[in-house]
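The primary structure of each chain is shown beneath.
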Amino acid sequence: MDYSTAKKPDIIPADETQSVVVSANPSCRDGEKDAFDLPDELPVLAVRNQVTFPGTIVPLSIRREKSRRLLAALLPDQKIIATLCQKDPENDDPAPQELYQVGTAMMVLKLLRMEDDSLNLIVQGLSRIRTTEWLATEPYLRARIEPVHEFVAQDQETEALMVNVRAMARRVIELSPNVPDEALVVLNNIKPPGALADFLASNLEMELDHRQVLLEETDVTRRLRTISEDLQQQVEILELSHKIHTQVRANIDKTQRQYFLQEQLKAIRKELGQVDERQAEIQDLRARIAKAGMPTVVRDEALLQLDRLDKVPSASPEYSVIRTYLDVILELPWDASTEDLLDVRRAEKILNEDHYDLEKVKRRILEYLAVRKLAPRSRGPILCFVGPPGVGKTSLGQSIARALGRKFIRMSLGGMHDEAELRGHRRTYVGAMPGRIIQEIRKAGSNNPVFMLDELDKLGADFHGDPTSALLEILDPEQNNTFQDHYLNVPFDLSGVLFIGTANYMGAVPPALRDRMEVIELPGYTQREKLHIAVKYLVPRQLKQNGLKPSQAKWNEAAVTRIIRDYTREAGVRELERQIGTVCRGIAAKVAAGRSRGRTVTPRLIGELLGPRLYENELAQRTAEPGVATGLAYTPVGGTILFVEAAAYPGKGQLLLTGHIGDVMKESAQAALSLVKTIARKKHVDERRIVPTDIHIHVPAGAVPKDGPSAGVAMFTALMSLLTDRTVKPDVAMTGEITLRGLVLPIGGVKEKVLAARQAGIKTVILPAGNRKDLIDVPDDAKKNLHFVFAKTVNDVLSAALDGEVKKSAGRK
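Residue numbers run consecutively from 1 along every chain, following the written order of its sequence. Where totals are concerned, whole chains, interfaces and linings use all residues; where local detail is concerned, this predicted model gives features only for residues with pLDDT of at least 70, and gives and counts side-chain atom pairs only at 80 or more. Each side-chain value is worked out from all heavy atoms of the structure, with water and hydrogens disregarded.

### Here's the deal with the packing of helix α10 (residues 344-354) against helix α11 (residues 359-374)
Just so we agree on the cut-off: With axes taken as lines fitted to C-alpha atoms, and helix axes fitted only over the stretch in contact, angles between N-to-C directions fall between 0 and 180 degrees. Think of it this way: any DSSP run of H or I at least four residues long counts as a helix, any run of E at least two long counts as a strand, and we number them from the N terminus. Convention used here: angles under 35 degrees read as roughly parallel, angles over 145 as roughly antiparallel, angles from 65 to 115 as roughly perpendicular, and any remaining angle as oblique. The hand of a helix crossing depends on one turn: near helix anticlockwise from the far one by less than a right angle means left-handed, and clockwise means right-handed. A contact between two residues is defined here by any heavy atoms of the two lying within 4.5 Å. Residues were grouped as follows: Ala, Val, Leu, Ile, Met, Phe, Trp, Tyr, Cys and Pro as nonpolar; Asp, Glu, Lys and Arg as charged; and all remaining residues, including Gly, as polar.
Running from N to C, α10 and α11 cross one another at 155°; their axes reach a closest spacing of 10 Å. Put simply, α10 runs roughly antiparallel to α11. Along this stretch, α10 crosses α11, giving a crossing that reads as right-handed. From α10, V344, A347, E348, L351 and N352 reach across to α11, where they touch K362, I365, L366, L369 and A370. Grouping the amino acids of the contact of α10 with α11 by side-chain chemistry returns 7 nonpolar, 1 polar and 2 charged.

### Here we look at the packing of helix α2 (residues 156-175) against helix α3 (residues 182-189)
Between α2 and α3, whose axes approach to 10 Å, the crossing angle comes to 175°. As the angle between them shows, α2 and α3 are arranged roughly antiparallel. Contacts from R166, A169, R170 and I173 in α2 reach A183, L184, L187 and N188 in α3. Its residues assigned to classes, the contact of α2 with α3 shows 5 nonpolar, 1 polar and 2 charged.

### Regarding the sheet that holds strand β12 (residues 450-454)
Put simply, the test is: A strand pair is defined by DSSP finding two or more bridges across the two strands.
Pairing is parallel in the open sheet, where 5 strands are placed in the order β11-β12-β15-β10-β16. With partners counted over all chains shown, the strands left at the sheet margins are β11 (408-412) and β16 (517-521), one partner each. Strand after strand, the sheet turns through a mean of 25° between neighbouring axes, direction not considered. Sheet contacts for α11: β10 (382-386), β15 (498-503) and β16; angle to β16, the most-contacted strand, approximately 150°.

### A short note on the environment of P540
Quick reminder of the rule: With a 1.4 Å probe rolled over the protein chains alone, any residue whose accessible area is under 20% of its type maximum counts as buried; one over 50% counts as exposed, and the rest are partly exposed.
Of note, P540 is situated in helix α17 (residues 527-545). Given the relative accessible area of 39%, P540 is considered partly exposed. On a C-alpha basis, the gap between P540 and N785 in space is 32 Å, while along the polypeptide they are 245 residues apart. Sequence-distant contacts of P540, defined by excluding residues within four places in its chain, comprise A534 and V535.

### A few points about the confidence of the model for the protein chain
The cut-off we apply is this: One number per residue, pLDDT, summarises how confident the predictor is, and it ranges from 0 to 100.
In this model, the protein chain carries a mean pLDDT of 83, and residues with pLDDT of at least 70 account for 91%. A low-confidence stretch, residues 1-35 (pLDDT under 50), is modelled with 60 contacts involving residues beyond four sequence positions or located in other chains. Ignoring residues within four places in sequence, the model shows residues 805-813, a span with pLDDT below 50, making 23 contacts including any to other chains.

### Structural notes on the side chain of E473
Operational definition: Here a polar contact is recorded for every N or O atom pair within 3.5 Å, except that within protein the pair must consist of a potential hydrogen donor and a potential acceptor, and residues adjacent in sequence are included only if both atoms are side-chain atoms.
Along the chain, E473 falls in helix α15 (residues 467-474). Residue E473 is classed as buried on the basis of its relative accessible area of 15%. A distance of 2.4 Å separates a polar atom in the side chain of E473 from a polar atom in the side chain of R423. The contacts of E473, once residues within four sequence positions are left out, are R423, Q479, N480, T482, F483 and Q484.

### A short note on the environment of P54
Within the secondary structure layout, P54 lies in the loop between β4 (41-47) and β5 (57-62). With 141 residues separating them along the chain, P54 and A195 place their C-alpha atoms 7.6 Å apart.

### With respect to unusual backbone geometry
Cis geometry is adopted by the peptide bond preceding P76, which originates at L75 and carries an omega value of 0°. Residue placement: P76 occurs in the loop between α1 (65-74) and β6 (80-85). The amide bond that connects E138 to the next residue, P139, takes the cis arrangement and shows omega of 0°. The topology assignment puts P139 in the loop between β8 (119-136) and β9 (142-147). Non-glycine residue N49 carries a positive phi angle of around 60°. On the basis of relative accessible area, N49 is assigned to the exposed category, the value being 55%. For N489, which is not glycine, the phi dihedral falls at a positive 60°. Judged by relative accessible area, N489 falls into the partly exposed class, the value being 44%.

Written out as structure tokens, the structure is:
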């Protein structure tokens, strides 16, 4: 605005207007007899966001046209108006019912016309009034009013409240930096209780509704009590704010003082020729960076952070963040590696010492080592060992590290659900640290360790991210030479690391991750293999762990065989070792107590120490009636037998499936029933037993989830057994997927299923004809005394499984 041409405001002083008649006021305050005589009718000025009190001088900004008409009609002849606060401040033209009933009679002191043609009104509160009747709404509001009398109790409570309120108000003024000093003078000169209450009510910070309540309160003592509570709350807030401000100010002053003294100390040491400890530390870090053998990009980043460290005060929080980062980056093995021992014969010897059998796995590992020897710079595949628990996946990784002469790192991925656990957190977060990959390599002190990622199939994912996505880069030989941890923010070469993954079941591993690894399956052990492993490895280890000499616990093969047969049901040897340990502890307790010098472990002693057998062969009893068939299943912990039970009862031809089975297995059951209905007439099955009958198929052990298509043959056989009243041979077990044409399709896990059948006492195993080639992986001792039937159609299955003659038919072709 150009103030040189601006129009000066027109000022109408109070002494140029008509005088106001002053006489006795009916609402005489605190015994005073002088007050204003108020007219019975007054023009009403609606105000918003403001409650006016008697005895206070307040400015009012006049912008609404109705308020302008009111002032134009009254001034300068009449100078007393009524102000009422409107309930809704957004309403530009409030009706009488939209105003509070109690307001204040005000005297106009000055009217200022501003440069933007707006009006500012200076008014002084005279007394409380109440509207009794509205006389007009146009051209401005006019109402009949009556004075509101206030009651003042002349007692000790009122005097005590005045002293308390005045003291707290002084404290508020002291703690409020923007309150002028004149406010304290005004406060000390107010004597009447009502005037003191109105002065504080108009100046304290409070809600508009609460201020209106104070205006309408006629009991001065209660008004003072309410204001005392408001003042107490405001004093507590101001004191807390003042305390916080003082503490912050003290911390800033302390930091500035320390910085000033440190600078002085530097100058003094420089004059005395003494070495600055901080500069010596910076020089030491610079020398370590030069010797660390970092790539150029990493060295430049480290020097940049070192320059920042030199400029940041040591008391700053950023100083410790930078220093920690430099410590981490300097402790990483950028060029520290172990030399590979690529002696294939030595590696073969170590593998044979540490593991029994596993010829296929050992051969693949030796091939890997041979390629590394002939082509050292070649990037071999990422190996992944898959098999049931306890078959030696982790120990194989340790043997590989020992054969190569490398450091060994094992990191369990089970339950990991945050990508930051692998990639680290950015340094902007408090307490940030590198990911597990960089941390483990830092601990190993070598950039080419054998790094085992255990339990790949048990990774999780949630809103934090998907760790398997981070593993895609880590396990890709074409990308991991520039792996970038979020904390380091510089590339680290992982191409020299030999990553080995392990899993119990590859079904849970994402296809993209599975594609980056060469899967090597470690199947379960046969009884003979378990016997050799126990005698050669497990028994000596448990004797040593329990403090026994071989002469104090002499084991024979019959005792180990009983543990394998009667006390374990597993593909690996973990439970077998636990049971051997239990026997050794029982012998150790007697030796330590002096009751025995040692024992020969026999099958009888096994029964005494381990109690009744845990597993019995009940196969014949469970399949002695029609409708029960024995299937073979493959689980992440190895092979197992699976009983399929079928029952029929009057109904509407519905199929009921129970036993915690999955969607694929449910579809197999529906396909089996459809096939039975298709070939019912050819198999001499009375169709009247099918159509009005409900079929119930149940797979026992309902708490264990089951799924897969390989139970289709067993379900079909159970249904045919039920509907033809012919029992399934008790020593026959079967596996295979069926089609609606009656064909038997190949399945997986043949070795594990055959081992489970042998362990359960099965004599005949029915397999799909397409799985004949898979028997080469089954050890000869496991196939011994087992008769294999290779079925192409369901007719071959029924011929081998059901008692009695099966007439010629093989389903539709």
